[in-house]
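What follows is each chain in one-letter form.
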Amino acid sequence: MTTQPTASHFVNGAYHENAGGSAIPVIYPATGEEIARVHSATDAVVDAALAAARAAQPAWAAMTGTERGRILRRAADIMRERNHELSVLETFDTGKPYQETSVADATSAADALEYFGGMAATLTGEHIQLGHDWVYTRREPLGVCVGIGAWNYPTQIACWKAAPALACGNTMVFKPSETTPLCALKVAEILTEAGLPAGVFNVVQGLGDVGAKLIADDRVAKVSLTGSVPTGRKVYAAAASGIKNVTMELGGKSPLIIFDDANVENAVSGAILGNFYSSGQVCSNGTRVFVQGGIKEAFLDRLSVRLEAAVIGDPQDPKTSFGPMVSERQMEIALGYIAKGQEEGARLVCGGKRLNRNGFYLQPTVFADVADTMTIAREEIFGPVMAVLDFDDEAEVVPRANATEFGLAAGVFTRDLTRAHRIAAAFEAGTCYINTYNDAPVEAPFGGSKLSGVGRENSKAAIEHYSQLKSVYVRMGDLEAPF
Ligand code: NAD
């Protein structure tokens, strides 16, 4: 195994152990074996992390943006140099194939550190002239931010939250998912090596109760969660009582519409990327695939052939292109949905079974003839299960695509230029794709509408969610008053 983190938490610039908290086993999804063990944060650990973040914040904010940015960019460079080691660890933590982790995890995290590191020096307020008087605005940090992560992209999520937060002069306490606790510790270690002052980025382990304690603390100004809608409701409500800022990156059940005129191979690629990457454990996945009548047969034929070519196996083998699910529990949830799909009358085109090997492997699964009302077309499965639905024309399919409580992402494959943009405008979703699917470059805003979230990560837009404006009124002459 690769270099593992050396303790459960990272507090005030160093690894920190406290075995008083309950043990959290780290299970390698490809074998089901325990590969590490961390301890949940006790109240003392939570307090130490928040105290460190609070104490470090004024001096961190007082540095120039150039100085802060330099540290973030140095961390990005270290991450890229250690991409192999970090990708191996990410694969142990999540079970995702090395073929993916080596191009999508530490690399994406490094992009965020580089992008926001570059932006740190450019953050400014503005000058507003009012005759002889004037107002200027100062863009100020919020203070101590809490980041709470899901298990599907542990390195990326930590950096998508930390990079803009730190660039703006905030400090952070990050709680990874209890399912994948290792990678965020490496992020903290690398930031520290890059010169980050102690206390600016801290990591504490634990389940929802530890997250809830962090959010409830008066020292915290902002909470950014990546997780499911039910957790989002709880976290949003807890943040509301303290009138805290929030970013919510939640779940989805996104539509992907494929018209007769689409290039079939590209459409199949989009559907594969939008359903089977990371064994389907991607929040923005286009799991409701609406396919127009004229292309349906060709689409399903090519999809089946190409799924046969998936290399399922040891995720550390660079040849493997499809790995296990993150946990037994997540696999059981997906199997439950597969059974439900069959019960409710969807046609199983391929897959549907657990693989006969150790670990939490599920076959890539496709259902056709799915009706809008079926459970597999309405609920987020978060596994490798694609639902193919039929449609006749644009007027019919767009309202059906939007008929969901979620609004994270949506995609369309067509060669008709005006139709593509018309549909992108009509989609009720935060992130839309035309003739592609699931790209998430740091330069573009990412986030959801409706139940899928509040706020945006990445891009210049993230700065708005990690800073606040202070207006300063300046009077140049005498001041009159009514009495
Ligand atoms: P989850 O909601 O079960 O847990 C997310 C995190 O919240 C974990 O760290 C968990 O410990 C913590 N948590 C749970 N209860 C809490 C509470 N009461 N207070 C504070 N923290 C609490 O989600 P998951 O199973 O880890 O991840 C899968 C979900 O995340 C899916 O719904 C997926 O769509 C979503 N997701 C969204 C995005 C996005 O960017 N929109 C990205 C990845 C995953």
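Report follows, based on the coordinates. Keep in mind that what you see is a predicted model, and the values were worked out from it rather than measured.

Now for the sheet that holds strand S16 (residues 385-391). The seven strands are arranged S14-S15-S16-S13-S12-S18-S19 in an open sheet whose pairing can be described as mixed. Lying at the two open borders of the sheet, with one neighbouring strand each, are strand S14 (347-350) and strand S19 (431-434). The sheet shows a mean angle of 20 degrees between the axes of neighbouring strands, direction not considered. Against the sheet, helix H11 (residues 293-308) makes contact with strand S12 (255-258), strand S13 (288-292), S14, strand S15 (365-368) and S16, and its axis sits at roughly 130 degrees relative to S13, the strand it touches most.

Moving on, we get to the nonpolar core. Counting 74 residues, the largest nonpolar core has Leu-166, Phe-201, Ile-258 and Phe-299 as the members making the most contacts within it. If one sorts the elements of this core by residue count, helix H6 (residues 154-167) sits on top with nine residues. For Phe-299, the contacting residues outside a window of four places in its chain are Ile-258, Val-264, Ala-267, Val-268, Ala-271, Val-289, Val-291 and Val-388. Listed in part, the 29 residues of the second largest apolar core include Tyr-337, Phe-367, Val-397 and Val-412.

Our focus in this paragraph is the site of the ligand. The full set close to the ligand counts 29 residues, and Gly-149, Glu-178, Ser-228, Thr-231 and Glu-380 are the nearest of them. With respect to the ligand, the side chain of Lys-175 contributes an N or O atom lying 2.9 Å from an oxygen atom. Within the complex, the protein chains bury 87% of what would otherwise be the 860 Å² of accessible surface of the ligand. With four residues, the single largest contributor to the shell around the ligand is helix H8 (residues 208-216). Here the shell around the ligand is built from residues that sort into 14 nonpolar, ten polar and five charged.

Bringing the pattern of salt bridges into the picture now. Applying the stated criterion to the full structure yields 28 salt bridges. Arg-219 serves as the salt-bridge partner of Asp-47, at 2.7 Å between the closest nitrogen and oxygen. One end of the pair, Asp-47, is in helix H1 (residues 43-62); the other, Arg-219, is in the loop between H8 and strand S10 (220-226), with 172 residues separating them in the sequence. The exposure class of Arg-219 is partly exposed, given its relative accessible area of 24%. When the shortest N-O distance is used, the salt bridge between Asp-217 and Arg-219 registers 2.9 Å. Owing to a relative accessible area of 17%, Asp-217 belongs among the buried residues under this scheme. Bridged by salt links that share partners, the residues Lys-296, Arg-347, Asp-369 and Asp-390 form one connected network.

Reading the values: the criteria
- Residues numbered from 1 in each chain as written.
- Predicted model: local features only at pLDDT ≥ 70, side-chain atom pairs only at ≥ 80, totals over all residues.
- Heavy atoms only, no water.
- Pairing = 2+ DSSP bridges.
- Helix = DSSP H or I, 4+ residues; strand = E, 2+ residues; numbered from the N terminus.
- Axes fitted to C-alpha atoms, helices over the stretch in contact; angles between N-to-C directions.
- Contact = heavy atoms within 4.5 Å.
- Core = buried A, V, L, I, M, F, W, Y, C linked by side-chain atoms within 4.5 Å.
- Buried < 20%, exposed > 50% of the residue type's maximum accessible area, 1.4 Å probe, protein only.
- Near = heavy atom within 4 Å.
- Polar contact = N/O pair within 3.5 Å; in protein donor to acceptor, adjacent residues only side chain to side chain.
- Areas by Shrake-Rupley, 256 points an atom, 1.4 Å probe, with all protein chains shown as cover.
- Nonpolar A, V, L, I, M, F, W, Y, C, P; charged D, E, K, R; others polar.
- Salt bridge = Lys/Arg side-chain N within 4 Å of Asp/Glu carboxyl O.

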